[in-house]
Amino acid sequence: MTDCLDQIEGAPGQPGPPECPYPGTGPFSEDQKRYFFGRDQDTQYLLDRLRQRQQYRGGGPVVLAAASGTGKSSLLAAGLIPALGRTPGFAALKTILATPEP
């Protein structure tokens, strides 16, 4: 638990975040990725699926489907998209996150 709090509050002796780390009912954005943790396994699963699609099928979509409110948009915006930028073979991809208007 302390590790999670350190991620939110910053290093000891450093001021905490200048904004509230909870986006309310909205999804985490890419700018809030420092507050989004605990979904590393899910993010890695999506990266693996994208890599499989790229290697074995020449590309194509990977569909993420789950019930409303389970964090799909947060997983994409604050998990997968930043991870793509750190992953060889995906770093040069241009990403667009499209969500319906509420």
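Right above here is the structure, for reference.
Residue positions are given per chain, counting from 1 as you read along its sequence in written order. With pLDDT at 70 or above as the cut-off, local features in this predicted model cover only qualifying residues; side-chain atom pairs require 80 or more to be listed or tallied, and sums for whole chains, interfaces and linings still use all residues. Calculated side-chain values reflect all of the structure's heavy atoms, with hydrogen atoms and water omitted.

1. What about helix H3 (residues 72-86)?
Note: α-helices contain 3.6 residues per turn, so residues at a spacing of three or four share the same orientation.
Phase 1 of the analysis: Its 15 residues give H3 an end-to-end C-alpha distance of 20 Å, which sits within 8% of 21 Å, the value for a rise of 1.5 Å per residue.
Phase 2 of the analysis: When a residue's accessible area, from a 1.4 Å probe over protein chains only, is under 20% of the maximum for its type it is buried; when over 50% it is exposed; and in between it is partly exposed. What counts as a helix is a DSSP run of H or I of at least four residues, what counts as a strand is a run of E of at least two, and both are numbered from the N terminus. Inspection of H3 places Ser74, Leu75, Ala77, Ala78, Gly79, Leu80, Ile81, Pro82, Ala83 and Leu84 among the buried residues, and these make up the whole buried set.
Phase 3 of the analysis: Contacts: residue pairs with any heavy atoms within 4.5 Å of one another. Tucked inside the fold, the buried residues of H3 contact helix H2 (40-56). Expected span of a helix: the number of residues minus one, times 1.5 Å.

2. Focus: the side chain of Ser74
Phase 1 of the analysis: Residue position: Ser74 is located in helix H3.
Phase 2 of the analysis: For Ser74, a relative accessible area of 9% gives the class buried.
Phase 3 of the analysis: In this structure, Ser74 is in contact with Pro27, Phe28, Phe36 and Gly79, ignoring residues within four places of it in sequence.

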